[in-house]
Amino acid sequence: MSITFKVSRSSSTTEAVGVVVASDGPVPSEIGLNRKQLSARGFDAKVGQTLVLHGLRGSRIVVAVGIGDPRKFGPTEARNTAAALARAVSKSTSVSTGLADAGSGNRAQIAQAVVEGFRLATHRYTDLKNDKSSASRIESVVLTASSKSAAAVHNGVARGTTVADAVCMARDLANMPPAYLTARMMAERAVAIGQATGLDVKVYDRDQLANMGCGGILGVNKGSTEPPRMVKLVYTPKSGAKLIKGRKGHVVLVGKGVMYDSGGISLKPSDPSHAVMKMDMSGAAAVLATMSTLAALNCKVQVTAYLMCTDNMPSGSALKLGDVLTMRNGKTVEIHNTDAEGRLILADGLSLAAESKPHAIIDIATLTGACIVALGEKVAGVLGNNDALVEQLRKASSRVDEPIWPLPLVKEYRKLLDSTVADMRNIGGPYGGSITAAVFLNEFVSDTPWAHLDIAGPMKVDGDDGWMQKGATAFGTRLLIDTVCNFTAV
Ligand code: BES
Ligand code: MN
Ligand code: ZN
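Residues numbered from 1 in each chain as written. Chains lettered and ligands numbered in written order. Predicted model: local features only at pLDDT ≥ 70, side-chain atom pairs only at ≥ 80, totals over all residues. Heavy atoms only, no water.

## Observations concerning the packing of helix α8 (residues 282-293) against helix α13 (residues 477-485)
Thinking step 1. One way to put it is that α8 packs onto α13 with a least axis distance of 8 Å and a crossing angle of 45°. By the angle between their directions, the pair α8 and α13 is classed as oblique. The two elements α8 and α13 cross, and the hand of that crossing is right-handed. Contact residues: Ala286, Val287, Ala289, Thr290 and Thr293 in α8; Thr477, Leu480, Ile481 and Val484 in α13. (Axes fitted to C-alpha atoms, helices over the stretch in contact; angles between N-to-C directions. Helix = DSSP H or I, 4+ residues; strand = E, 2+ residues; numbered from the N terminus. Parallel < 35°, antiparallel > 145°, perpendicular 65-115°, else oblique. Left-handed = near helix turned anticlockwise from the far one by under 90°. Contact = heavy atoms within 4.5 Å.)

## Remarks on the coordination of the manganese ion (ligand 2)
Thinking step 1. Every protein donor of the manganese ion (ligand 2) is accounted for by Asp261 (OD), Asp339 (O), Asp339 (OD) and Glu341 (OE), and the metal-donor separations fall at 2.1 to 2.2 Å.
Thinking step 2. Around the manganese ion (ligand 2) sit six donor atoms; with metal-centred angles ranging over 70 to 168°, the donor geometry is irregular.
Thinking step 3. In the primary structure, the donors to the manganese ion (ligand 2) are separated according to the pattern D-x77-D-x1-E.
Thinking step 4. In this structure the zinc ion (ligand 3) is found 3.2 Å away from the manganese ion (ligand 2), and Asp261 serves as a bridging donor for the pair.
Thinking step 5. Residue Asp339 is classed as partly exposed on the basis of its relative accessible area of 22%. (Donors = N, O, S within 2.8 Å, 3.2 Å for Na, K, Ca; no water. Tetrahedral: all angles 85-135°; square planar, octahedral: opposite > 155°, others 65-115°. Buried < 20%, exposed > 50% of the residue type's maximum accessible area, 1.4 Å probe, protein only.)

## Things to note about the pattern of salt bridges
A side chain of one charge can pair with a side chain of the opposite charge if their charged atoms are brought near each other.
Thinking step 1. By the definition in use, this model includes 22 salt bridges.
Thinking step 2. Across the salt bridge formed by Arg71 and Asp69, the nearest N and O atoms sit 3.2 Å from each other.
Thinking step 3. Take Arg71: its relative accessible area is 70%, and that puts it in the exposed class.
Thinking step 4. Among the salt bridges present, the one from Glu226 reaches Arg184, with a minimum N-O distance of 3.1 Å. Of the two residues, Glu226 is situated in the loop between α7 (215-221) and β8 (229-235) and Arg184 in helix α5 (residues 183-196); the sequence distance between them amounts to 42 residues.
Thinking step 5. Taking the relative accessible area as the measure of exposure, Arg184 reaches 36% and is therefore partly exposed.
Thinking step 6. Shared partners join several salt bridges into a network, and the residues in it are Lys331, Arg414, Asp418 and Glu443. (Salt bridge = Lys/Arg side-chain N within 4 Å of Asp/Glu carboxyl O.)

Written as structure tokens, this is what we have:
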């Protein structure tokens, strides 16, 4: 059940109301308590703080919602606060709140973030549960706004709904068990989603991939009984396409879609924690979700996407150590660890991306455990061959509150990938694993501006946290949407 939003001048007759309280100035009369009384109940109106007040207004649930200093109440604060309110009133079916018209920032952006906060904090993947009661009961949210703000709030609600739907879709895809989402099923879904959202979609099967010389994805797929799929999606702006360096702006996204990563013959230990390797397609899910929003958001650059989908399995036909693969761009790779499979499938996707000479390529992948060691579970790594592109991603990252941090693309580490028999091998030494992985990817982008997002850490959370819910996060979806919609020349 997803929440519907209404914009209204008054709070009407909802079961619950989230009353906005700033850390300074008068307390709204609906609260029925003064600041001292609120303080005595431990509520200081800090941003994101909530206090449920029962019965002060008949049977209606009144929740005090802190926004801190209104001048510092931007989209990030709005998203977090809306998420906190959603959690506080999750047992009510209808809620009204003035959060979308709070603070002094851009109304549309605040409203968008409020919608995201509500939707993302309440979304759960319940397809496979008989008891779906853990899900939030909220059905409708009334966003109260002054007549001056109403138009902007409406606009923000529309954008927030589009974006939140996309994030929830990507979360669902990543949370699905491997047998419920094979590469073929992912491709079928991409076709349906692409058709519903105005994209051109083309699916490539094993034979077509072989004809195209995509030795990376075929090599990784060798041990699997499930065939691979590559999905190409194209979004073309209807009107007003942005010109970049005299051409229609064009960005290519490449997503790692390893439907399940067993490690291949470099088998991962049989530890229950590896069930999350069903989420090794989180990059592809984020890219597909991003693509699904572009027409609705009226994105002004052309965006092409490649979803590189296969599982990584051991078997009698699996890729062996010492085998050499020839990638789409002709480079040869000696396999030294079949668990370093993500870079092999990305190699083909990046090669294809570079062939069309776009203004930028961005890949997103749950690529290395080393990135989790370096940056922890809340921050994704970003590397690339173009500082201006990395900078655009960092700006988008801070706007959408999906944290990323740069790691250096150390060219001298290229020699760690040297192979005796092929152009390179697929792993480096014991250190700097995220960097050597990116140095490997760099071999396939030629001189196209390129950035790589390593989302191994933030692909999941282990417990409900703000607007995130336990399980897959769809990290990168909002980051990519913001980046392509605001893309400028690099
Ligand atoms: N999908 C994994 C990386 C990963 C680990 C993602 C943990 C999310 C959580 C990737 O394919 C992998 O296995 N990487 C290896 C590379 C190594 C063999 C060079 C790793 O990080 O151990
Ligand atoms: Mn792996
Ligand atoms: Zn993997």
